[in-house]
Amino acid sequence: MKNTWRSIDQSQLVPGETTQTDIIKSLGPPSQIINLQAGPVFYYLAEQTEGGGVILILFNSLNEKITYDRAVFFFDEKGALRTYSMSQESIEYAEP
């Protein structure tokens, strides 16, 4: 999934005013919709994998780095945004 939430103007994300429809129009369909008792949650996930490897008959070596970027939007039972959260844009990962 393409990471579209980093380009959205966060001043448009107004709790109590922004709706589920607004989010879908801006970001497209979520990776997952979770139905909670308090209201639905839209979960967006972007994954990037980098790596390489060598495959030989007796020895295999793979090096892989996976980076995840997430955005989660919580709505009330009427479909209005309650709150939202995004993962940090830059996360330093330890080398394997």
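Residue numbering note: each chain is counted from 1, following its sequence as written. Reporting of local features is limited, given that this is a predicted model, to residues whose pLDDT is at least 70; pairs of side-chain atoms are given and counted only at 80 or more, and all residues count toward the totals for whole chains, interfaces and linings. Excluded from the side-chain calculations are hydrogens and water; all other atoms, namely the structure's heavy atoms, are used.

1. Structural notes on the overall build of the chain
So, step 1. Runs of E in the DSSP output that reach at least two residues are strands. Runs of H or I that reach at least four are helices, and both are numbered from the N terminus. From N to C terminus, the chain includes 1 helix and 4 strands.
So, step 2. In the chain, the succession of helices and strands from N to C terminus is α-β-β-β-β.
So, step 3. Relative accessibility decides the category of a residue: with a 1.4 Å probe and only protein chains considered, values under 20% of the type maximum give buried, values over 50% give exposed, and everything between is partly exposed. The buried share of the chain, taken over its 96 residues, is 27%.
So, step 4. By the convention used here, residues are in contact when the closest approach between their heavy atoms is within 4.5 Å. Residue pairs at least 24 apart in sequence account for 50% of intrachain contacts in the chain once pairs closer than 6 positions are excluded.

2. Some remarks on the pairing of strand β4 (residues 81-86)
The side chains of a regular strand alternate, first on one face of the sheet and then on the other.
So, step 1. In this structure, strand β3 (residues 60-75) lies alongside β4, joined through 5 bridges in antiparallel fashion. Its bridge partner being in β4, Phe75 is matched across the sheet by Leu81.
So, step 2. Two strands qualify as a pair provided that DSSP identifies no fewer than 2 bridges between them. Between the end of β3 and the start of β4, which pair antiparallel, lie 5 residues, with Gly79 showing a positive phi angle near 95 degrees.

3. What to know about the packing of aromatic side chains
So, step 1. Any two rings among Phe, Tyr and Trp, with Trp reduced to its six-membered ring, count as a pair given centres within 6.5 Å; such a pair is stacked if its planes are under 30 degrees apart, edge-to-face if over 60, and tilted if neither. Scanning all chains against the criterion turns up 3 aromatic pairs.
So, step 2. Between Tyr44 and Phe73, the aromatic rings sit 5.8 Å apart at their centres with planes inclined by 90 degrees, giving edge-to-face as the arrangement. A residue pair is termed long-range when its members are at least 10 positions apart, and Tyr44 in strand β2 (residues 39-55) and Phe73 in strand β3 qualify at 29 residues. Here the two residues Tyr44 and Phe73 agree in accessibility, since each one is buried.
So, step 3. Ring pairs connect the aromatic residues Tyr44, Phe73 and Tyr84, which therefore count as one cluster.

4. As for the nonpolar core
So, step 1. As used in this record, nonpolar core signifies buried Ala, Val, Leu, Ile, Met, Phe, Trp, Tyr and Cys residues forming a set joined through side-chain atoms within 4.5 Å. Within the largest apolar cluster, 13 residues are counted, with the highest numbers of intra-cluster contacts made by Trp5, Leu13, Ile23, Leu27, Tyr44, Phe73 and Met86.
So, step 2. Secondary-structure elements contributing two or more residues to this core are α1 (20-27), β2, β3 and β4.
So, step 3. If sequence neighbours within four positions are ignored, Trp5 has contacts with Leu27, Tyr44, Leu45, Ala46, Asp69, Arg70, Ala71 and Met86.

5. A closer look at the side chain of Ser87
So, step 1. Inspection of the secondary structure assignment puts Ser87 in the segment after β4.
So, step 2. We call two N or O atoms a polar contact when they sit within 3.5 Å, provided that within protein one can donate a hydrogen and the other can accept it, with sequence-adjacent residues counted only if both atoms are side-chain atoms. Within the structure, the side chain of Ser87 is placed 2.5 Å from the side chain of Asp69, a separation counted as a polar contact.
So, step 3. Other than its neighbours up to four places away in sequence, Ser87 contacts Arg6, Tyr68, Asp69 and Arg70.

6. Some words on the confidence of the model for the chain
So, step 1. pLDDT measures how confident the predictor is about each residue, on a scale from 0 to 100. In the predicted model, the chain carries a mean pLDDT of 81, and the fraction of residues at 70 or more is 82%.
So, step 2. Across the chain, strand β1 (residues 32-36) holds the top mean pLDDT of 94, while β2 sits lowest at 78.

7. A closer look at the environment of Phe42
So, step 1. Looking at the secondary structure, you find Phe42 in strand β2.
So, step 2. By relative accessible area, which is 2% here, Phe42 ends up buried.
So, step 3. When the C-alpha atoms of Phe42 and Pro29 are compared, they prove to be 8.6 Å apart, with 13 residues separating the residues in sequence.
So, step 4. Look past the residues within four positions of Phe42 in its chain and what remains in contact with it is Gln20, Ile23, Ile24, Pro30, Gln32, Ile33, Ala71, Val72, Phe73 and Phe75.

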